[in-house]
Number of protein chains: 2
Amino acid sequence: MNQDFIHTYVSVDCVVFGFDHDNRLNILLVQRYIDDVPADKQRKLPGSLIFSNEDVDDAAHRVLHELTGIKKMVLKQFKCFADPLRASNQSDIKWMGTEYMHNIDRIITVAYLSLCKIDQKINSTKYETVDWHPIDQVPALPFDHNKIINESLTEIRRWIETDFSIIFELLPKKFTIRQLYQLYSALSEKQIDIKNFHKKISSFNYIIPLEEIEKNVSHRAARYYKFDAKIYKKNNTKLIK
Amino acid sequence: MNQDFIHTYVSVDCVVFGFDHDNRLNILLVQRYIDDVPADKQRKLPGSLIFSNEDVDDAAHRVLHELTGIKKMVLKQFKCFADPLRASNQSDIKWMGTEYMHNIDRIITVAYLSLCKIDQKINSTKYETVDWHPIDQVPALPFDHNKIINESLTEIRRWIETDFSIIFELLPKKFTIRQLYQLYSALSEKQIDIKNFHKKISSFNYIIPLEEIEKNVSHRAARYYKFDAKIYKKNNTKLIK
């Protein structure tokens, strides 16, 4: 019995989240080049085939570095996507032939989440075009990249519920409680009660008030806060202590 | 430029947890057969190469069904293991050649967690030997299976902190608070204060007392409880409501 086992290429794809000044979640997309495909349909998630001597996590770190120029980024593997038909679209097959010089019939991908302060300068060593797209304005993407992005949203919510500290990766180093509330609301599926939010946040001793308030704002100037990772780590985040 | 991209077989491996009457976490291992290898070194995690027309989640469901005969089991994909050297041991290569009739040089695996009530009857359609091993008495296993098991322990802890309801998959339908405490303690890395535990548990309205107490026990007979999934789902488990 010689069964028909999969023998395949493996890639990594990265969903990098940022939080913009209009309180929207954004993700990074890159440009890909194919003839005959309109420019606005040429976006994709940053990703790469993994090399034969490479582990998947290393490949994801490589992709993020090629994408942003940033050396250390928070990163979380979240799911392997392996639908047998995920790369069966003709334009995707054609693009892979040009990009990788390989004739690729099936490809599975390991998807990663990453978080980036949106003001951080992006210096890609690989891509000409890397830009932020609000999560509700992502165009139709090749392969199953739209599905990966949808599932990454569920994953980032779960991640923040499990480890609240990672929310601060998306905020500036000093932030107002309003910014934190708006980010948490953008990440939640439902409306968050602002009173409950304030009450809960004020019980978190790792969110430290600073001796500094906003300047040049039209509303009442709010105090800035910072996140203290050391105090956070000391807290026991277990359900039952 | 024709880079050396990975082109590989892909497998799934399943870590199935059970909780025994001595309050120990156990996992299911199966026997593999290779000449020249002592019988006690022939255990492995249940797993399989995935077929060319199969998605990874479907492959994991297939493996669990072949393993236990149980149709629906709770299952969670948790990590892709892709160390380039994870299948480079000669006896592992030899075993794969016999098992799969393929000459396999590199293989990546997608690891799954599953949970099983330990009294459930195991009716494997594939394996002659399927048995429970206490987690602290797992022998040296092939490939990186010991590493996968270690990481699955971290993952099951995180899973229960995120979704407490899954702990009840490991308990009998009616259970005592002592059993729940012992299971939670076995899953935790550190000692759990029993008073805090009781206090917290009594605030969970989805743990329902029954009109039934233990029989034929040497200690004081304790009340049985059941888990109510519907009430649990109604509860908002979010960090901030």
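Cut-off values and rules
Residues numbered from 1 in each chain as written. Chains lettered and ligands numbered in written order. Predicted model: local features only at pLDDT ≥ 70, side-chain atom pairs only at ≥ 80, totals over all residues. Heavy atoms only, no water. Helix = DSSP H or I, 4+ residues; strand = E, 2+ residues; numbered from the N terminus. Buried < 20%, exposed > 50% of the residue type's maximum accessible area, 1.4 Å probe, protein only. Contact = heavy atoms within 4.5 Å. Areas by Shrake-Rupley, 256 points an atom, 1.4 Å probe, with all protein chains shown as cover. Lys, Arg positive; Asp, Glu negative; His and termini not counted. Charge placed at Lys NZ, Arg CZ, Asp CG, Glu CD. Domains from an automatic or database assignment. Buried area = accessible area lost by both parts, 1.4 Å probe. Salt bridge = Lys/Arg side-chain N within 4 Å of Asp/Glu carboxyl O. Polar contact = N/O pair within 3.5 Å; in protein donor to acceptor, adjacent residues only side chain to side chain. Nonpolar A, V, L, I, M, F, W, Y, C, P; charged D, E, K, R; others polar. Pairing = 2+ DSSP bridges. Least-squares fit on C-alpha atoms with pLDDT ≥ 70 in both.

Overview of the overall build of chain A
Counting its secondary structure elements, chain A contains six helices and nine strands. Oriented by its inertia axes, the alpha-carbon framework of chain A measures out at about 65 × 45 × 30 Å. Counting every position in chain A, which comprises 241 residues, the buried fraction comes to 49%. Sequence-distant contacts in chain A: of pairs separated by 6 or more residues, those separated by 24 or more amount to 69%. Summed over its atoms, the accessible surface of chain A is roughly 12200 Å², and 48% of this surface lies on carbon and sulfur atoms. Considering chain A, the positive charge centre built from 35 side chains and the negative charge centre built from 32 side chains are found 9 Å apart.

A look at the domain arrangement of chain A
All names here are of chain A. Domain annotation of chain A identifies domain 1 (9-162) and domain 2 (173-237). Centre-to-centre, using C-alpha coordinates, domain 1 lies 30 Å away from domain 2. Between domain 1 and domain 2, the residue contacts involve seven residues of the former and eight residues of the latter. Together, F19, N23 and R157 form the three largest contributors to the area buried by domain 1 at its contact with domain 2, with a combined 52%. Linking domain 1 with domain 2 are zero salt bridges. Taken together, domain 1 and domain 2 are joined by three residue pairs in polar contact (both at pLDDT 80 or more). Sort the elements by how many residues they give to the side of domain 1 that touches domain 2 and helix α3 (residues 145-162) lands first, with four residues.

Quick notes on the pattern of salt bridges
By the definition in use, this model includes 26 salt bridges over all chains. In this structure, D22 of chain B and R24 of chain B form a salt bridge, with 3.7 Å as the shortest nitrogen-oxygen distance. Residues D131 of chain B and R43 of chain B are paired through a salt bridge, measuring 2.8 Å at the closest nitrogen-oxygen approach. Residue D131 of chain B is located in strand β7 (residues 130-134), and its partner R43 of chain B is located in strand β3 (residues 43-44); the two are separated by 88 residues in the primary sequence. Ionic contacts of the salt-bridge type, sharing partners, join the residues E54, R62, E66 and K126 of chain A into one network.

Concerning the interface of chain A and chain B
Each partner contributes to the interface: chain A provides 51 residues, whereas chain B provides 50 residues. Here chain A packs against chain B, burying approximately 4700 Å² in sum over the two surfaces, 59% of which is carbon and sulfur. On the surface where chain A and chain B come into contact, there are zero salt bridges. The interface formed by chain A and chain B contains 14 residue pairs in polar contact (both at pLDDT 80 or more). Residue composition of the side of chain A that touches chain B, grouped by class: 25 nonpolar, 12 polar and 14 charged. Here strand β1 (residues 7-19) of chain A runs beside strand β1 (residues 7-19) of chain B; their pairing, made up of three bridges, is antiparallel. Each bridged residue has a counterpart across the sheet, and for Y9 of chain A the counterpart in β1 of chain B is H7 of chain B.

Some points on the relation of the copies chain A and chain B
For the pair chain A and chain B, the relating rotation is 180°, the translation along its axis is 0.0 Å, and the fit reaches an RMSD of 0.0 Å. The relationship between the two copies is best expressed as a two-fold rotation axis. In terms of C-alpha distance to the rotation axis, chain A has T8 of chain A as its closest residue, with the C-alpha 2.6 Å off the axis. Taken together, the interface assignments show that 98% of the residues at the interface of chain A recur at the interface of chain B, consistent with an identical surface on both copies.

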